[in-house]
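# Coordinates in review
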Amino acid sequence: SILTMASMSGGIDLGIIRQIAGVDGVNNVLKYLFNDALNEEHPPESVNDWGGNDWQWDAEDDLFSDNKEQCNEAENWPQQCCVSISPTCDFMAVAHGNKAVFLQSKWDDSAYISGSFAVVWQGELCPDSSEDITDLICVPLASLKKSSPGSPDWTCVIAGFTSGYIRMYTELGSELIAQILHDEAIVGVHYQSFELPRYVGVPEQFDELSILYEHALVVVDGFSLFQSLRACRNQVAKVTAGSTDVVPPPPLAYKKWGLNDHAIITDHCNTGMVNVCGFDQLYNASVLGGYKATVRPNMPSFVQYLTTGSDPFLGVYHVSETSNHPLLSEVAHAVASKLKSALMSQISAASGWLSWSSYSKSDQPPAPTKPKLEPLTPLSLRFGLPDALRQGLSTLLSPNKKLVVITDGFGRVTLLNVQTCVIMRMWKGYRDAQCCWVESDNSDSPDDYYHHHSTNRYHNKYALFLVIYAPRRGIIEVWGAEQGPRVAAFNVNKGCRLMSVGYSVMGMNSNLSMKNSGRSTLHVYQCYFLQPDGSIATFILPYHLILSDKYSRRAKDQQLLKKHLLKTLDQCSDREPSNQTTHELKTIFDEIKTPDIKQQGLERVISAKISSDKVHDIVDHVHTQMTNQDPDTLDYEARKLIDFCDLKLQLISLYMKIDQYNNTHTPSPATDNQPPDIQVLCNWCNVESAEFEHYTDMTSRYCCRHNCRTRVRFSEDCDKLRLEQFIDCFTPHKQQQQHDDCSESSETKIPFSEWKLWSSLDEETRCRLGSFFFQSSIERQSSEEDISSLCEDMYDSTHASISLKSMMQLLICYWLSGEMELSHNISNITRFCQILRNITGLNEPAEVYVSQGKTAWWEECRQIIQSSNHVAAGLIAAVVARGLANEFTNKLRPQQDDDVSVQSADSWTSICEDIESFSTLIIQLEDVLQIKILITLSPSLKSPIAGGTVVTPSDPPATSQTDLQFRVSVKNVLSTGKGALPELIAKWVTSHRVPGDLLYRTETEPEHLISENIDDRNIIDLLVILKKKLPRSLSDDVLAAHCAWEYMVTWNHTPGYHPSFSKAMDHLSRIQHGVLQHGLALMIWNQFTAERTAMAVKLMEKVGKAIKERLCVREIGLTAEELTHFLANVCRLLKIIMAAELFSENKVCYDLEDEWHDMAGRSSLIDLALSPPETNFGLVVHHRQLTIICHCTMAFSMRAVRPLSLFDTKGRHAFFNSLTSYPLLAGADVDIGISNARRKFISRVITAIVSTLPVPPVPQTQSLAEWFNVVLELAIDFGFDPDEGRRQYVCELYNSGYDTVAKEEMVNVNDYNVLGSQLIILSGQRLAYLQSQLEGCSNVKHRSQWPTTLCTWLDGLDSSELRYPAVPVEQTKKLLSNALGLAAPSNTKYNIGLALLEAIESLL
């Protein structure tokens, strides 16, 4: 068994060979393939013909000898037959003579291997028994379905015959194509599949079928073959279904070469495209042509073929490739044309089109006609390796196409370098050797060892192994290529066969490879090992086997890197390395031989704290060492290291150049001897002097406001950019691929054309990098020549340099980051303009001007300015960029564009989209800058706002000023939405508690009303300017709406701060547009107040009185006082909703200014408020009634009050539904119990209102009219007579001693008679109190003068009900006189009043 291996070279991993499949019924396959041949060699004889000699022992011995030969032939069938296995190990073909057996893989659950092969077809591949099969291969075809692109679809069997025919069959033996290409026997058939380039500079490998004859080589194009096979298979399916007639297949597209310089050819291989360098071209021309040889200017490129055999032993042929590979569209068109011609010809089916077709006994097949063959194209032998006695048997090309192994008749295995055709190695003692190549990468997954065409293998390191099988010795050896040791050896059976695949799926291309890269990797095996018992195995060679030698160079290099290089660099961390240390580092790099470890060492050197010149010296030393080697000996890793050194040297040189420029330019003095010419700058910017001064004044005002707010800079921020940081900022941008005929040698080739910034660089890194590039040029006295020289040094078209777009990005980023120091200085603006002008001038004309549309150059500039929060510097940069765009547009615009306006009187004005976009951006920047200047101002703290509230310093700020300014940029404003600009001002208003008098002040107000504070004046001026520039976005209604909303947001974050709610209601009440006011008020109710109000009502209903402090904080989150203010503001909010609902007009459309029409993002607050649903006015009134009851309960700390008990069941269920809904509400007829409870509550509230007045009365008291009006509204809503409340209010005022206030309120009473009787009683209570205060004798004297009825009536009155009884007698006399004047003479209390008046007069 193959699994019982005996190691011959030490401990070998038993996983080197893995059995993957087996053949079911191998004896039946052999019986079918070999029995007929044995019967023909030994035909049966009749018994009568037997003679006596037949029974002799000699004859018996001969018969026994024949049986031995039959057994040996059965045991060695893998070497006797033509065997091919598909690279995906799903199909197998075995042929012997003219017979063939096709086997297909199936899953075998009982077996310990993954699958087994079962016979799906067997038979003769050709009707002519004289033709034998010489070679066959199984090639899978790629699927073009969207579900599985690139996966194997079906397998085609390609067989070559001794007659010269090449035939192709389906998996079931149906013949697809049969064509004779040459009149000699086919020696071998090889297929080359598509393969992506392994590294840069190597062309793609296309599909190709090569057929080797005895003295000819035929190459069939793979793409046309793929299309033909697919078309023929579809035709076979249609014929089988009986839907169409048989159509002959189209002829193959091929090239035919005559190899007449080789006596005997046994095998061949295609080594691919070979590009000759200039030196080799001159060398070959001088050797072959002599002194007078001519050399073509274009270096040749050709395809190289290697053949083996005898005379010579090895032949090298070159096929010149003067044109590129045929286009896929051209090949497909040619195949379609041939198929169409064949279909239109309506020729009857050719014999042998289908393998299952047969001739009838009666009909004889027509005599075959000899087909017309294409003539040979002679191909001369380029050179060879002559060996008269040696005959080559087979060739095998390595997967990387650098090596080829040749076996010969002397038992030698020769390893040949393909490029130099020099024998690298030779093994002896391997007769009839069979070889295969196995390539293994350093992947962690063991399954990737046999994924030969995995996409990951091009990104990993790989090792190449050569497997040699000596059948006569029964041994397999594994060697490391090229000069590697033997890494494994073990014994196997002698009758086995080692088969190399060397190809994958037909029909692949780069598009299918990319689509299939994200899928699971396809199992494509590199080789198979077939045993006589039918078992099939493959080789799994781990990557670490190549490092099995104890003298491994890589291990030594890793030791040098870790133990010496890193240790030396650690010693240089605190000090600059000396020249001796630098020499030691170079010596270490000389000793390191592995290129990738050298690259790791260079990366450590670059990241170390070493001066740039020493780093450049070390990298240049390694680069020189690598480039001095023979280019032919450089592998992929070495070329990769050379490219790495080239790239790093470019950046290091640029870093040193800029650093030297920065060090040589000293800082400019404080005063300039020659001030800059502003007019020249204005001409460059294409603006008037007044306009430019306007822009600079704005930036100066903004910068002056921020001088005291400069950021603290630490020492690390002031350090210059280190070399490692500089290199990490850039990524190389590859050149466009050059044509093969103009390719350059590796020494002079520049792999990259320019450097670009990493897209993931943060803003701070970009600013530091821009400062490193341009700080010396802008902030110091650099002349125009120095600036131009610097720009040209950074961008050199002959070498790889910094891209112009990256330079422009860094310049603008640096300019924007230095807003406070640079943007208001005319000298800095001039140098900034010069640098940007020079960088733009280095561009191609098409990059900075197009006749239609916008250029990417100026669009990138605008995007950077738009995204920056440094608006002041961005405004100057936009003005400068617009002037330069106009300058280059006028310079590059064709003359015919200027002549269009002369042709007609009504001509159009020619404009440039870039300039118009810059103009729009400048207007946007100016608006945002004005708002940022406004944000920096703070109003005076004593300015009153609406409602009489005074802003105090204890008000907590709603939004941090720094955070607010940081978010202000044109891009943020455009992406926030239509309400971004008023939202910014509203945030500033809430942050500084700006009074409404400043916010809504107009120019027509009197001058003396303007505050004397400077900031207040500036605020007023800026607001007037902004409202003129943005009349729609910053109208009074829009500002009031946003301010109200922002105050509510602030209150929602800090509910305990009730002035925010009050200020929100003040701004809300200023809105003049009814629909806007109503919609915004409804949004505030739903968003902020409805839920908290419901919580307060339910809690108050539960406790039945005013909520205590602790319970209120725990359940609602507000104190009792805060809850009282909250309920008052909710009453005010509901009143605004009611008023806005009554006075709302038609809806209007909220629009923006033309410059801000590109706003995108969330819907604005105004749009949401202008589209509210219609509210239920009755439900709003219903909620306001409940809120007033709760507010009165909390304000006056009332007890025994349950707010919901004052409403019936319908009214309770309607509470806190949506104000736009229409629930059932109580009608006019209210239950008598509820009505009495309401009347009692109103009476208690009126009493509580008056009880808040101080006793004894004070001259100046607060007005209670607002409270009393609220209670009257509630009484009217409940259906009560308001005059009853007014009478009670007047009586309560007299009861508290406020006669003057009561007399003023008396005029509002309607029923004077009732009021008069009530006041007479109140006067009697006062007289009773005075009587009780008199001494005994005096009291008796006065009572004796009064009528008896009066004395009796006074004794029945309770003077303790008076809140303030100690009222002067004169006031009581006035009160009684007014009462008698109000009461009618018919009143029952009128006579008592007259007597009472006389009694009072007696007291005076």
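Report follows, based on the coordinates. Owing to the predicted nature of the structure, the values given are computational and were not obtained by experimental measurement.

With that settled, the discussion passes to the pattern of salt bridges. If you walk through the whole model with that rule in mind, you get 28 salt bridges. Across the pair Lys 978 and Asp 1167 runs a salt bridge whose closest N-O atoms are separated by 3.4 Å. With a gap of 189 residues between them, Lys 978 in the loop between α29 (970-976) and α30 (980-992) and Asp 1167 in helix α38 (residues 1165-1169) connect regions that are remote in the sequence. Residue Lys 978 is classed as partly exposed on the basis of its relative accessible area of 24%. Look at Asp 1167 and you get partly exposed, because its relative accessible area is 25%. Between Lys 1027 and Asp 1036 there is a salt bridge, with its nearest N and O atoms 2.9 Å apart. Residue classification places Asp 1036 among the partly exposed residues on the basis of a relative accessible area of 33%. Linked through salt bridges whose partners overlap, the residues forming this network are Glu 983, Lys 987, Glu 1046 and Arg 1162.

Attention shifts here to the sheet that holds strand β11 (residues 208-213). Within the open sheet, the five strands sit side by side as β10-β11-β12-β13-β17. Their pairing is mixed. The sheet is open, and its two borders are formed by β10 (186-192) and β17 (377-378), each paired with just one other strand. By the bridge criterion, two bridges tie strand β13 (residues 254-258) to β17 in an arrangement that is parallel. When the bridges of β17 are listed, Gly 258 appears paired with Pro 378. Against the sheet, helix α4 (residues 222-241) makes contact with β11 and β12 (216-221), and its axis sits at roughly 65° relative to β12, the strand it touches most.

Residue Pro 312 is reached from Asp 311 by a cis peptide bond, and omega for that bond is 0°. Structurally, Pro 312 can be placed in the loop between β15 (301-310) and β16 (314-320). Omega for the bond connecting Ala 481 with Glu 482 falls within 30 degrees of zero, at 0°, which places this linkage in the cis form. Note that Glu 482 resides in the loop between β25 (475-480) and β26 (486-491). Not every positive phi belongs to a glycine, and Cys 421 is a case in point at roughly 55°. Checked against the element boundaries, Cys 421 lands in the loop between β21 (413-417) and β22 (423-427).

What counts, and at which threshold
Residues numbered from 1 in each chain as written. Predicted model: local features only at pLDDT ≥ 70, side-chain atom pairs only at ≥ 80, totals over all residues. Heavy atoms only, no water. Salt bridge = Lys/Arg side-chain N within 4 Å of Asp/Glu carboxyl O. Helix = DSSP H or I, 4+ residues; strand = E, 2+ residues; numbered from the N terminus. Buried < 20%, exposed > 50% of the residue type's maximum accessible area, 1.4 Å probe, protein only. Pairing = 2+ DSSP bridges. Contact = heavy atoms within 4.5 Å. Axes fitted to C-alpha atoms, helices over the stretch in contact; angles between N-to-C directions.

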